[in-house]
Amino acid sequence: MVETPVTIPEVSIPYAYRSLDWDALVREYPPAPTFFTTTYLKSPEEIRALQESRLARAVAHAYSTPFYRKRWDAAGIDPRAIRTLDDLRTIPTYVVDDIRQSIEAHPPFGDYQALTFADAARGPLRIFTSGGTTGRPRPTIYSQWDRNVGAILRARAFYLAGFRPGDAVQNTMLYSTHNGAFIVDEALYNWCGCIPVTTSAGIVTRSRRQIELMRDWGVRGLVGFHDFLMHLAETAKEMGIDPVRDLQLRNISTMGGKPRELEKAWGCNASENYGMHEVQVVASECPAKEGMHLWLDAFVVDIVDLDTGAPVPDGEVGSIVITALYKTGVPVVRYDTKDTARLLSRDRCACGSSLPRISSILGRADTMVKLRGINIWPEACGEIARRDPRVAGEFFCYAERRDGRDEMVLLVERKADVDDDAALQRDLAEMLRTELGVSIVVEVRPPGGTQELTRFGIEAKPRRFEDRRPKG
Ligand SMILES: [Zn+2]
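Residues numbered from 1 in each chain as written. Predicted model: local features only at pLDDT ≥ 70, side-chain atom pairs only at ≥ 80, totals over all residues.

Take the overall build of the protein chain next. Secondary structure assignment for the protein chain yields 14 helices and 21 strands. Taking 472 residues into account, the globule formula puts the C-alpha radius of gyration at 23 Å, and the protein chain, at 23 Å, falls close to it. Along the longest, intermediate and shortest principal axes, the C-alpha atoms of the protein chain span 80 × 60 × 60 Å. Residues classed as buried in the protein chain amount to 44% of the 472 residues present. Within the protein chain, contacts between residues separated by at least 24 positions form 63% of all contacts whose residues are at least 6 apart in sequence. (Helix = DSSP H or I, 4+ residues; strand = E, 2+ residues; numbered from the N terminus. Rg over C-alpha atoms; globule rule 2.2 N^0.38 Å. Buried ≥ 20, exposed ≤ 12 C-beta atoms within 10 Å, placed from the backbone. Contact = placed C-beta atoms within 7 Å.)

By definition, the strands of a sheet pair up through backbone hydrogen bonds, in either a parallel or an antiparallel sense. Here four strands make up an open sheet; going across it, the order is S20-S19-S18-S21 and the pairing mixed. Single-partner strands in this sheet number two, and they are strand S20 (441-445) and strand S21 (465-467). Each strand axis lies, on average, 15° off the axis of its neighbour in the sheet, ignoring direction. Across three bridges, the pairing between strand S18 (residues 391-402) and S21 is parallel. (Pairing = 2+ DSSP bridges. Axes fitted to C-alpha atoms, helices over the stretch in contact; angles between N-to-C directions.)

Before going further, it helps to spend a moment on the domain arrangement of the protein chain. Considered domain by domain, the protein chain is made up of domain 1 (10-299 + 319-335) and domain 2 (368-467). The interface is formed by 11 residues belonging to domain 1 together with seven residues belonging to domain 2. Of the residues belonging to the side of domain 1 that touches domain 2, the class tally is five nonpolar, five polar and one charged. (Domains from an automatic or database assignment. Nonpolar A, V, L, I, M, F, W, Y, C, P; charged D, E, K, R; others polar.)

Of all eight residues that make up strand S7 (residues 269-276), seven are buried, and the element is covered over most of its length. Relative to S7, strand S6 (residues 251-255) runs parallel, the two sharing five bridges. Note on S7: the bridge partner recorded for Ser 253 is Ser 271. The handedness of the S6 to S7 crossover, carried by helix H11 (residues 259-266), is right-handed. Relative to strand S8 (residues 280-285), S7 runs antiparallel, the two being bridged by four bridges. Note on S8: the bridge partner recorded for Met 276 is Gln 280. (Right-handed = clockwise from strand over helix to strand, strands pointing away.)

Moving on to the environment of Arg 455. Assignment of secondary structure puts Arg 455 in the loop between helix H14 (451-454) and S21. Judged by C-beta crowding, with 15 C-beta atoms within 10 Å, Arg 455 ranks as partly exposed. Every residue in contact with Arg 455, bar those within four places of it in the chain, is listed here: Pro 462 and Arg 463.

The omega torsion of the bond from Ala 32 to Pro 33 falls at 0°, within 30 degrees of zero and hence cis. As for its position among the elements, Pro 33 is in the loop between helix H1 (22-28) and helix H2 (34-37). Cis geometry marks the peptide bond from Pro 107 to Pro 108; its omega dihedral reads 0°. Relative to the helices and strands, Pro 108 is located in the loop between helix H6 (96-105) and strand S1 (125-129). Non-glycine residue Lys 338 carries a positive phi angle of around 65°. With respect to the element layout, Lys 338 can be found in strand S12 (residues 335-341).

Glancing now at the environment of Tyr 17. Tracing the sequence through the fold places Tyr 17 in the segment before H1. Sequence separation between Tyr 17 and Leu 343 is 326 residues; the distance between their C-alpha atoms is 40 Å.

The end-to-end C-alpha distance of helix H8 (residues 180-191) is 16 Å, a good match for the 16 Å that 12 residues give at a rise of 1.5 Å each. Within the sequence span of H8, burial applies to Gly 180, Ala 181, Phe 182, Ile 183, Val 184, Asp 185, Glu 186, Ala 187, Leu 188 and Trp 191. Tucked into the core, H8 has its buried residues touching S1, helix H7 (144-161), strand S3 (168-171), strand S4 (195-197), strand S5 (221-225) and S8. Phi for Gly 193, located one or two positions after H8, is positive at around 70°. (Expected span 1.5 Å × (residues − 1).)

Quick look at the sheet that holds strand S15 (residues 363-364) now. Spatial strand order, S10-S11-S12-S15: four strands in an open sheet with antiparallel pairing. Looking at which strands have only one partner, the edges of the open sheet turn out to be strand S10 (299-304) and S15. Relative to strand S11 (residues 318-324), S10 runs antiparallel, the two being bridged by six bridges. Counted as the bridge partner of Phe 299 is Ala 324 from S11.

General note: in soluble globular proteins, nonpolar side chains tend to be found buried as a group. Ranked by internal contacts, the top residues of the largest apolar core, which has 98 residues, are Val 282, Phe 299 and Ile 322. Leave out the neighbours within four places in its chain, and Ile 322 touches Val 279, Val 282, Phe 299, Val 301, Val 332, Tyr 335 and Thr 337. One finds Val 391, Ala 392, Ala 399 and Leu 410 within the second-largest nonpolar core, a separate group that totals 22 residues. (Core = buried A, V, L, I, M, F, W, Y, C linked by C-beta atoms within 7 Å.)

What follows deals with the packing of H7 against H8. Two elements in contact, H7 and H8, have axes whose closest approach is 8 Å; the angle formed by their N-to-C orientations is 75°. Of the possible angle classes, the one that applies to H7 and H8 is roughly perpendicular. When H7 is examined against H8, the residues Arg 147, Gly 150, Ala 151, Ile 152, Arg 154, Ala 155 and Phe 158 are found in contact with a partner set consisting of Ile 183, Val 184, Glu 186, Ala 187, Leu 188, Asn 190 and Trp 191. Of the residues assigned to the contact of H7 with H8, the class counts are nine nonpolar, two polar and three charged. (Parallel < 35°, antiparallel > 145°, perpendicular 65-115°, else oblique.)

Have a look at this one:
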């Protein structure tokens, strides 16, 4: 019998190692340690010149997408006229709801992506989403360039946090369709010389197993969200493991949260970062621990008034507006994140850098509730309650209208061995009123009693707030 010959069609594949100009990448966005002896030490004038040299390309790239073109045309913006940071500030901002509407009108990816899957014929692409604490996760298509700049930025943060080649680093971010775990992984593996220990979050590797791995594999670095890392420290103690004596942990890198609390709980160094999936890490704490330096070679960052959108004076609370200068996938120009912070200092830091420093994120502008003229964030309520040793740590807030006035209700979990809920409730309400200057309704719940609302350990980030007030 004569067999019919079968041919395997030949298609060229854009191999990762040949699809990127690696030399240009590290020249434009130097990784650690080079970055810390070059760009990190530049004067404010040099940094501004570097930003402005990257602006035209970023703006032209954004204008190539229908999302930006429509908005800018309507506002009479000529992208070719945007040359300086002051010009950039004439462009209208957008918010997460604009992205959500774009996805609804143009499912499933919206009209803000500058790439389609077909572009993978020219170079590797990835797609990930936001962590999605509110609403549906937002997809982002990343080019190979964007992944690597993002990973270099994250690796700089890890270098500042003390991670060094040969360190095993446990990554407790959720490996899923979310970006978070993967950018950490890519940074550790490609740009730090660290060995990622891919435990993922508690839903993948149970807390006790996380601690056992940390001990048995001699893990030196730890990455994750504040709340889960605090929970892990508690777990270690329950297992009779002393985080300081029995583990080799040296450094922690966390997104948001309270690094000083982590240092106390784990008896090691901890540093804080700020960022989001569209643009990766934007600011990171240095060893001086007096704020997070903004990565201004990759971004332009403004802090603006929550109502007017105008830049606020340094030191005042406002919303963070971000322009990414490096993106070749999804453009990000004048994104009003509604994350609130203040600019702490533009002076040269003890570490030698003049990159401006911002505070920790105070909360999201859209979870801020105005009670009797005072701005209250759920995170602040939870943080105050946690100072009471009878409180286990987990909490959830909701706003509601009671008898014609707005109230914030704080549900907080007590420790298992606390028996007088009423006394705890009274003390917490008093503490909150003293600290915040306004009354908060407190309800004490048993351990695990807020999990249905927070989805702690189930979703990438715990939910902390719901607005139950009537709309309009
Ligand atoms: Zn510094």
